[in-house]
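Listed here are the chains, written in short residue letters.
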Amino acid sequence: MPVNKDQISGEVLYQRDQWQKGGLGRAYWAYRDRVVLSLLDERDTQVVDLGCGEGITLQKMVKMLPASEVLGIDCIQENINICLKHNLPARQGDIYVLDLAEDSVDAVVLIEVIEHLERPEMVVNEIHRVLKPGGKLVLVYPNDAIFKIARIATLRFKEAAYDAGHLKQWMPREIETLLKEKGFDVVSTKCLPFLFWSVSLHGVTFARKI
């Protein structure tokens, strides 16, 4: 899919094409995913990758948790087609109204999605609804300014100029405040790859449903 789902002109950037380029970008992507996956374990028998995109992280999740029921959900059919082509469990769905039962999921992973949302509070409410008590939410969000600098520094000028379609630059404290307001206990926030948000590419916030 386009990295920006609302793109209507110009060259489209696809996630798997970016992954295939390798280099520092792929190495960092793998590192980010290792951090995310380290927050899951075999006790998470029902796991949802919400906004799964083309399924790169979903693929790793399925491999890591072979005994669990892992599901990718995305609003774009093209993404689902790509996931299915790679034999991944994925289906199209509305992120604002999840077709999942209340208190049915052990863990939800939301990777680089919240910055695209017009109604993020509604999505967090839905995640809270479908999670079991004590269920996990792993939320990943980018630091756009540092991403642009990093892409220019690594000569990825096309990616640096690309409109990713982000509606809001989230800060770690804002994420933590939102989750607490919506009934989550924030366990930890980690900035990647450095200790401080001001020089990092991502924030990873881990929370549990109260």
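Quick look at the structure, then. This one's a predicted model, so the numbers in the text were calculated from it and none came from an experiment.

Reading across the sheet, the 7 strands line up as S3-S2-S1-S4-S5-S7-S6 and stay open at both edges, with mixed pairing between neighbours. Of all the strands in the sheet, just strand S3 (90-92) and strand S6 (184-192) have a single pairing partner and so form its edges. Sheet twist, expressed as the mean angle between neighbouring strand axes with direction ignored, is 20 degrees. Across 3 bridges, strand S2 (residues 69-74) lies against S3 in parallel orientation. Bridge pairing in S3 places Ile73 opposite Arg91. Sitting on the sheet, helix H4 (residues 77-85) is in contact with S2 and S3, with an inclination near 160 degrees to S3. Docked against the sheet, helix H5 (residues 120-130) engages strand S1 (46-50), strand S4 (105-111), strand S5 (131-142), S6 and strand S7 (202-209), running at close to 145 degrees with respect to S5.

By the element assignment, Lys158 lies in helix H7 (residues 157-161). Residue Lys158 is classed as partly exposed on the basis of its relative accessible area, which comes to 42%. In the structure, Lys158 is positioned 141 residues away from Asp17 in sequence and 13 Å away in space, judged by C-alpha atoms.

This paragraph deals with the side chain of His202. As for its placement among the helices and strands, His202 is situated in strand S7. Overall, His202 belongs to the buried group, its relative accessible area being 2%. One polar contact links His202 to Glu112, side chain to side chain, over a distance of 2.7 Å. Each residue touching His202, except ones within four places of it in the same chain, is listed here: Tyr28, Arg32, Glu112, Val140, Tyr141, Pro142, Phe147, Lys190, Cys191, Leu192 and Trp197.

In terms of burial, S7 is a largely internal element, 7 of the 8 residues being buried. In terms of strand pairing, S5 meets S7 through 7 bridges, oriented antiparallel. Paired with Pro142 across the two strands is His202, which belongs to S7. In this sheet, S7 lies alongside S6 in antiparallel orientation, the contact comprising 8 bridges.

The subject of this paragraph is the packing of aromatic side chains. What the rule picks out here adds up to 2 aromatic pairs. An angle of 55 degrees between the planes, with centres 5.9 Å apart, marks the rings of Tyr28 and Tyr31 as tilted. Pair noted here: Tyr28 and Tyr31 are both in helix H2 (residues 23-37), with a separation of 3 residues, about one helical turn. The class for Tyr28 is buried, based on a relative accessible area of 14%. Assessed through its relative accessible area of 23%, Tyr31 is described here as partly exposed. Between the aromatic rings of Tyr141 and Trp197, the centroid separation amounts to 5.7 Å while the plane-to-plane angle is 45 degrees, which identifies the pairing as tilted. Of the two residues, Tyr141 sits in strand S5 while Trp197 sits in the loop between S6 and S7, which places them 56 residues apart along the sequence. Here Trp197 falls in the buried class, since its relative accessible area comes to 13%. For the cation-ring pair, Lys168 lies above Trp170, with the distance from its terminal atom to the ring centre recorded as 4.9 Å.

Rules of the game
- For every chain, the first residue of the written sequence is number 1, and numbering continues from 1 along that sequence.
- A pLDDT threshold of at least 70 governs which residues receive local features in this predicted model, and a stricter bar of 80 or more applies before side-chain atom pairs are shown or counted, although totals over entire chains, interfaces and linings include all residues.
- Excluded from the side-chain calculations are hydrogens and water; all other atoms, namely the structure's heavy atoms, are used.
- Here, a strand pair is defined by DSSP locating no fewer than two bridges between the strands.
- The helix and strand labels rest on DSSP assignments: H or I over at least four residues marks a helix, E over at least two residues marks a strand, and numbering proceeds from the N terminus.
- Here the axes come from fitting lines to C-alpha atoms, over the contacting stretch only for helices, and the angles between their N-to-C directions go from 0 to 180 degrees.
- We call two residues in contact when some of their heavy atoms are within 4.5 Å.
- Exposed residues in this analysis have more than 50% of their type's maximum accessible area, buried residues have under 20%, and partly exposed residues fall in between, with area computed by a 1.4 Å probe over protein chains only.
- By the criterion applied in these results, polar contacts are pairs of N or O atoms within 3.5 Å in which, for protein atoms, one can donate a hydrogen and the other can accept it, and in which residues neighboring in sequence qualify only through two side-chain atoms.
- In this analysis, rings of Phe, Tyr and Trp, with Trp reduced to its six-membered ring, are considered paired at centre separations within 6.5 Å, and the interplanar angle assigns stacked below 30 degrees, edge-to-face beyond 60, and tilted for intermediate values.
- Placement of a positive charge over a ring is assigned whenever Lys NZ or Arg CZ falls within 6 Å of the ring centre and within 35 degrees of the normal to the ring plane.

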